[in-house]
Amino acid sequence: MDTASTGAYDAVRTAPRALATEAVHAGRDDLARQGLHAPPIDLSTTYPSYDSRAEAARIDAFAGDGADLAGPPVYARLGNPTVARFETALARLEGTETAVAFASGMAALSAVLLACAATGLRHAVAVRPLYGCSDHLLTAGLLGTEVTWTDPDGIAGALRPDTGLVLIESPANPTLAEADLRAVARACGPVPLLVDNTFATPVLQRPAEQGARLVLHSATKYLGGHGDVLAGVVACDEEFAGRLRQIRFATGGVLHPLAGYLLLRGLSTLPVRVRAASANAAELARRLAADPRVARVRYPRLGGAMVAFEVHGDPHEVISRVRLVTPAVSLGSVDTLIQHPASISHRIVDADDRRGAGVTDRLLRLSVGLEDVDDLWADLDRALGAPCERQGVEELREAVR
Ligand SMILES: *Cc1c(COP(=O)(O)O)cnc(C)c1O
């Protein structure tokens, strides 16, 4: 390619692009020039190099600041070109300098906590509810973290000189509680704010634009979007990413290249999936709210494809009666899933802490997929059971208490 046409190409590539365009093209900008259409999957664990002096210099550079290796890869635990495409694409969607992918959402969170601990900042401030295992990782102190739980208004007062991180989910798993992220970011001052953006996705919310330094995803959910890949990712600035890459290299929680490929493919339909599933979810939330068998519905102001609701009757009975909807943990797939957080996703959280965060024993969490909304409603309607007797009994019990 001559210089003039390369220049024209670069000018087009760097022009600002809408989210839907980035979703389809980010991480793939070099493909056409290489004569490719689908991204290649590089399964190499190691890479040949005849110049070990240059290799040594590149390894020294990585040990210094964790910057992405210039030139060819060295070893798969340091980085992989297929995974890098996904990282590039996700960073574009979240509006951050870069992103670092991991083997799971929990591996991503572990790396962030280790990166803080490595600088001696072991104290974290966190807002409940968080995803059950995130809560557990902080509370159990497995990585040496000491946590102060608070609500958004209490963040500024909970900060200490050794606070390395503030964590929040919005909308939160599973109650869909929402926070004003700009206000939260202000309350953090210079302490890095991590927003778990798994539920909203960059389609509905870009926390970095609101002051979050770290945006975490369980990519297992909407980013992959088809229930067939386990992954995590942190979108952030280059400086923090360098620390995360060094932790990833040292602890080995890397994402497999096949997973990187599936995630890149998942991103291309993310805006379409999230909007279509959100429309279904908003309609189901409306119908649930109007149903006398349902005590309470939570649906985020932001929108999204998650609905949480409390039933008057026994939530375990509802789970046992669904047929089209799948009774299963996880979320963000093309098909609709339902689960009982107090029994499954948040079981690992101490019962009092769980209830204190609004995760009641009657709460059900619905991850709405892309099926026809009337078919979904027909299944839920049947699963909610016969209206009056059950509800009557429960209300009687409630009254007696
Ligand atoms: C599932 C989930 C996680 C954990 O991600 P894994 O990919 O299962 O390790 C973290 N945060 C939220 C909000 C989740 O829903």
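Residues numbered from 1 in each chain as written. Predicted model: local features only at pLDDT ≥ 70, side-chain atom pairs only at ≥ 80, totals over all residues. Heavy atoms only, no water.

### Here we look at the overall build of the protein chain
Counting its secondary structure elements, the protein chain contains 15 helices and twelve strands. Its C-alpha atoms put the protein chain at 80 × 50 × 35 Å along the principal axes. Looking at the protein chain residue by residue over its 401 residues, the buried ones come to 51%. Long-range contacts, defined here as pairs at least 24 residues apart, represent 71% of the contacts in the protein chain between residues at least 6 apart. For the protein chain, the accessible surface area stands at approximately 17,500 Å², while carbon and sulfur atoms represent 56% of it. Side-chain charges of the protein chain comprise 40 positive and 48 negative groups, with the mean position of each set lying 1 Å from the other. (Helix = DSSP H or I, 4+ residues; strand = E, 2+ residues; numbered from the N terminus. Buried < 20%, exposed > 50% of the residue type's maximum accessible area, 1.4 Å probe, protein only. Contact = heavy atoms within 4.5 Å. Areas by Shrake-Rupley, 256 points an atom, 1.4 Å probe, with all protein chains shown as cover. Lys, Arg positive; Asp, Glu negative; His and termini not counted. Charge placed at Lys NZ, Arg CZ, Asp CG, Glu CD.)

### Side note on the sheet that holds strand β7 (residues 232-236)
Ordered in space as β1-β7-β6-β5-β4-β2-β3, the seven strands form an open sheet in which the pairing is mixed. The sheet is open, and its two edges are formed by β1 (98-102) and β3 (146-150), each paired on a single side. Between one strand axis and the next, the sheet turns through 20° on average, direction left out of account. Relative to β7, β1 runs antiparallel, the two sharing five bridges. Paired with T98 across the bridge in β7 is C236. Sitting on the sheet, helix α6 (residues 132-140) is in contact with β2 (123-127), β3 and β4 (163-169), with an inclination near 125° to β3. Contacts from helix α10 (residues 238-251) reach β1, β6 (214-218) and β7, with the element oriented near 20° to β1. (Pairing = 2+ DSSP bridges. Axes fitted to C-alpha atoms, helices over the stretch in contact; angles between N-to-C directions.)

### Observations concerning a nonpolar patch on the surface
A cluster of nonpolar residues, I41, L43 and L258, forms a patch on the protein surface that exposes about 260 Å² of accessible area. Exposure remark for I41: the relative accessible area of 36% places this residue in the partly exposed category. (Patch = residues over 30% accessible without salt bridge, like charges linked within 9 Å, V, L, I, M, F, W, Y side chains within 5 Å. Salt bridge = Lys/Arg side-chain N within 4 Å of Asp/Glu carboxyl O.)

### Topic: the site of the ligand
Taken together, 14 residues sit near the ligand, with M106, D196, S218, T220 and K221 positioned nearest. G105 is positioned with one of its backbone polar atoms (N or O) 2.9 Å from an oxygen atom of the ligand. In the environment of the ligand, a nitrogen atom lies 2.7 Å from a nitrogen or oxygen atom belonging to the side chain of D196. Relative to its unbound accessible surface of 380 Å², the ligand loses 93% to contact with the protein. Grouping the amino acids of the shell around the ligand by side-chain chemistry returns five nonpolar, six polar and three charged. (Near = heavy atom within 4 Å. Polar contact = N/O pair within 3.5 Å; in protein donor to acceptor, adjacent residues only side chain to side chain. Nonpolar A, V, L, I, M, F, W, Y, C, P; charged D, E, K, R; others polar.)

### Thoughts on α10
The terminal C-alpha atoms of α10, which comprises 14 residues, lie 20 Å apart, in line with the 20 Å expected from a rise of 1.5 Å per residue. Along α10, the positions that sit buried rather than exposed are F240, A241, G242, L244, R245, I247 and R248. On its buried face, α10 sits against α3 (52-65), α4 (81-94), β1, α5 (105-118), β6 and β7. The residue sitting at the N-terminus of α10 and contributing the capping side-chain oxygen is D237; that oxygen lies 3.2 Å from the backbone nitrogen of E239. G252 sits one or two residues past α10 and shows a positive phi near 85°. (Expected span 1.5 Å × (residues − 1).)

### Things to note about the nonpolar core
Core analysis: the biggest nonpolar cluster contains 51 residues, and F86, L193 and L223 have the highest contact counts within it. By residue number, the principal contributor to this core is helix α11 (residues 257-289), which donates seven residues. With sequence-adjacent residues up to four places away left out, F86 is seen in contact with A101, A219, L223, V233, L255, G260, L263, L264 and L267. Counting residues in hydrophobic clusters, the runner-up holds 27 residues, among them A107, A111, C116 and L214. (Core = buried A, V, L, I, M, F, W, Y, C linked by side-chain atoms within 4.5 Å.)

### As for the domain arrangement of the protein chain
Domain parsing of the protein chain yields domain 1 (1-97 + 254-268), domain 2 (105-217) and domain 3 (271-400). Computed over C-alpha atoms only, the centres of domain 1 and domain 2 are separated by 28 Å. Taken residue by residue, the interface counts six residues in domain 1 and nine residues in domain 2. Regarding the contact of domain 1 and domain 2, the summed buried area is about 530 Å², with carbon and sulfur atoms giving 68% of it. Remark: the boundary between domain 1 and domain 2 carries zero salt bridges. Our count for the contact surface shared by domain 1 and domain 2 stands at two residue pairs in polar contact (both at pLDDT 80 or more). (Domains from an automatic or database assignment. Buried area = accessible area lost by both parts, 1.4 Å probe.)

### Things to note about the packing of α5 against α10
In the contact formed by α5 and α10, the axes pass within 9 Å of each other and the chain directions differ by 105°. Classed by the angle they form, the pair α5 and α10 counts as roughly perpendicular. Note on element contacts: α10 touches α5 through F240, R243, L244, I247 and T251, opposite A111, V112, L114, A115 and C116. (Parallel < 35°, antiparallel > 145°, perpendicular 65-115°, else oblique.)

### With respect to the pattern of salt bridges
Applying the stated criterion across every chain, the model contains 27 salt bridges. Measuring nitrogen to oxygen at the nearest pair gives 3.0 Å for the salt bridge that ties E22 to R17. Its relative accessible area of 23% is what places R17 among the partly exposed residues. In the salt-bridge network here, residues are joined through shared partners; they are R17, E22, D29 and R92.

### Quick look at the packing of aromatic side chains
Any two aromatic rings considered together are summarised by their centre-to-centre distance and by the angle between their planes. Within this structure, the stated rule accounts for one aromatic pair. Ring geometry for F62 and F249: centres 5.6 Å apart, planes at 85°, overall edge-to-face. One end of the pair, F62, is in helix α3; the other, F249, is in helix α10, and 187 residues separate them in sequence. In this structure F249 comes out as partly exposed when scored by relative accessible area, which is 30%. It is K221 that lies over the ring of Y131; its NZ or CZ is 5.1 Å from the centre. (Phe/Tyr/Trp six-rings, centres within 6.5 Å; stacked < 30°, edge-to-face > 60°. Lys NZ or Arg CZ within 6 Å of the ring centre and 35° of its normal.)

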